[in-house]
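This is what each chain is made of:
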Amino acid sequence: MLRVHSVESLGTFDGPGIRLVIFLQGCNFKCLYCANPDTIECLGGIHYTAESIVQMARNQRPFFGARGGVTVSGGEPLMQARDLIPLFKMLKDEGFNTCIDTNGSILTADVKLLLEYTDLVLLDIKHIHPEKHQMLTGMANGRTLSFARYLQEQNKPVWIRYVLVPGYSNDVQDMHHLGEFLEKMDNVQKLEIQPYHKLGVHKYEALGWDYQLEDVPTNTAEQLNEARDIFAKYVREVVVN
Ligand code: SF4
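So, here's what we can say about the structure.

Quick notes on the rules
- Residues numbered from 1 in each chain as written.
- Predicted model: local features only at pLDDT ≥ 70, side-chain atom pairs only at ≥ 80, totals over all residues.
- Heavy atoms only, no water.
- 1 Å grid on protein atoms, 1.4 Å probe; cavity = no way out; pocket = protein on both sides within 12 Å on 5 of 7 lines; lining within 4 Å.
- Points joined across faces, edges and corners; volume = space filled by probe spheres on them.
- Nonpolar A, V, L, I, M, F, W, Y, C, P; charged D, E, K, R; others polar.
- Pairing = 2+ DSSP bridges.
- Helix = DSSP H or I, 4+ residues; strand = E, 2+ residues; numbered from the N terminus.
- Axes fitted to C-alpha atoms, helices over the stretch in contact; angles between N-to-C directions.
- Contact = heavy atoms within 4.5 Å.
- Buried < 20%, exposed > 50% of the residue type's maximum accessible area, 1.4 Å probe, protein only.
- Right-handed = clockwise from strand over helix to strand, strands pointing away.

1. Topic: empty space enclosed by the protein
Gaps left between atoms show up when a probe the size of a water molecule is rolled over them.
Then comes step 1: Throughout the structure, instances matching the rule amount to one cavity of 30 Å³ or more.
Then comes step 2: Considering only enclosed or pocket space, the largest cavity measures out at about 30 Å³ in volume.
Then comes step 3: For the largest cavity, the full set of lining residues is Tyr33, Cys34, Ala35, His197, Lys198, Gly200, Val201, Tyr204 and Tyr211.
Then comes step 4: Its residues placed into classes, the lining of the largest cavity shows six nonpolar, two polar and one charged.

Structure representation (structure tokens):
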């Protein structure tokens, strides 16, 4: 059984084409800007069988076209890697495109097996600088970078996702360092810059949590252009999402 926070039909944001997106409950990070803080708590969620999710995918197959398919996101979906294996096996047996949106902090034998049934990884690298990563997410980034190297060894297709938080993750030198790290990864097809937004702030109030980035403004066009120009030196395709 998978513990699911919510399901999005006909999603166009999390991977190629039109997709069924399954947001799983539970995350091992606590990012200051998390837009879905209600997915962090590991307990709870609604129980779904793999079969019920495959049936949703079958129903939506006419909309997927040549590129679409199923994405698991969260929360951190790899916390439920063992239960995702049968789901992804079934999806691949029926010819669906499969995609995982992950913070890359978990690399167990289960995760390695799951990756064999995964067409594309959306790898969220929150920060290249270890201490700034710790400050932003509550966790170190060593595991995420090791995960990236493992995906490179496996030649697994990857899109990198990078949230551009003014004053936190838009330092020019840091972005060059991340670019230099990614430049060595031939399997990285794309980098998506995700502009910082505050759409999830009301959820913090509902949870009784402080939103610590209250004073951080959204990105200026100049900041987004600067980030795009820097990353374009290292990655073949860069988009602002
Ligand atoms: S990794 Fe994603 S789901 Fe987890 S806290 Fe960070 S932004 Fe939220």
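2. Details of the sheet that holds strand β8 (residues 188-195)
Within a beta sheet, neighbouring strands are joined by backbone hydrogen bonds and run either parallel or antiparallel to one another.
Then comes step 1: Taken in spatial order, the nine strands of this open sheet run β3-β1-β2-β4-β5-β6-β7-β8-β9, and their pairing is mixed. Edge strands, defined here as strands with exactly one partner in the open sheet, are β3 (46-48) and β9 (238-240). Ignoring which end each strand starts from, the neighbouring axes of this sheet average 25 degrees apart.
Then comes step 2: One ladder, built from seven bridges, connects strand β7 (residues 158-164) with β8; its direction is parallel. Looking at the pairing, Val158 lines up with Val188 of β8.
Then comes step 3: Together, β1 (2-11), β2 (19-24), β3 and β4 (69-73) form the strand contacts of helix α1 (residues 50-64), whose direction differs from that of β2 by roughly 150 degrees.

3. Re the pairing of β2
Then comes step 1: Where burial is concerned, most of β2 is hidden: six out of the six residues are buried.
Then comes step 2: Burial along β2 is two-sided: Arg19, Val21 and Phe23 and Leu20, Ile22 and Leu24, pointing in opposite directions, are all buried.
Then comes step 3: As paired elements, β1 and β2 share five bridges and run antiparallel to each other. Looking across to β2, one finds that Glu8 is bridged to Val21.
Then comes step 4: Inspection of the sheet shows β2 paired to β4 by five bridges, in the parallel sense. Residue pairing in the sheet places Val21 in a bridge with Thr71 of β4.

4. Regarding the layout of surface pockets
Then comes step 1: Empty space within the largest pocket amounts to approximately 840 Å³.
Then comes step 2: Phe13, Ala35, Asn36, Gly74 and Gln194 are, among the 35 residues lining the largest pocket, the residues nearest its centre.
Then comes step 3: Residue assignment for the lining of the largest pocket shows that the elements contributing at least two residues are β1, β5 (97-102), β7 and β8.
Then comes step 4: Looking at which element gives the most residues to the lining of the largest pocket, the answer is β1, with three residues.

5. A short note on the pairing of strand β6 (residues 120-124)
Then comes step 1: Burial analysis of β6 places five of its five residues in the buried class, which makes it a mostly covered element.
Then comes step 2: Of the two faces of β6, the one lined by Leu120, Leu122 and Asp124 and the one lined by Val121 and Leu123 are each fully buried.
Then comes step 3: Where β5 lies against β6, four bridges are found, and the strand directions are parallel. Across the sheet, residue Cys99 finds its bridge partner in β6, namely Leu120.
Then comes step 4: In this fold, β5 hands off to helix α3 (residues 109-116), which returns the chain to β6; that crossover is right-handed.
Then comes step 5: When β6 meets β7, the two strands line up parallel, connected through four bridges. Within β7, the position partnered with Leu123 by the bridge is Ile160.

6. Observations concerning unusual backbone geometry
Then comes step 1: In the segment running from Gly74 into Gly75, the intervening peptide bond is cis, with an omega of 15 degrees.
Then comes step 2: With respect to the helices and strands, Gly75 occurs in the loop between β4 and α2 (81-93).
Then comes step 3: In the Ramachandran plot, Leu10 falls in the positive-phi region, its phi being about 55 degrees despite a non-glycine side chain.
Then comes step 4: Its place among the elements puts Leu10 in strand β1.
Then comes step 5: Owing to a relative accessible area of 41%, Leu10 belongs among the partly exposed residues under this scheme.
Then comes step 6: Backbone geometry places Asn155, a non-glycine residue, at a positive phi of 55 degrees.

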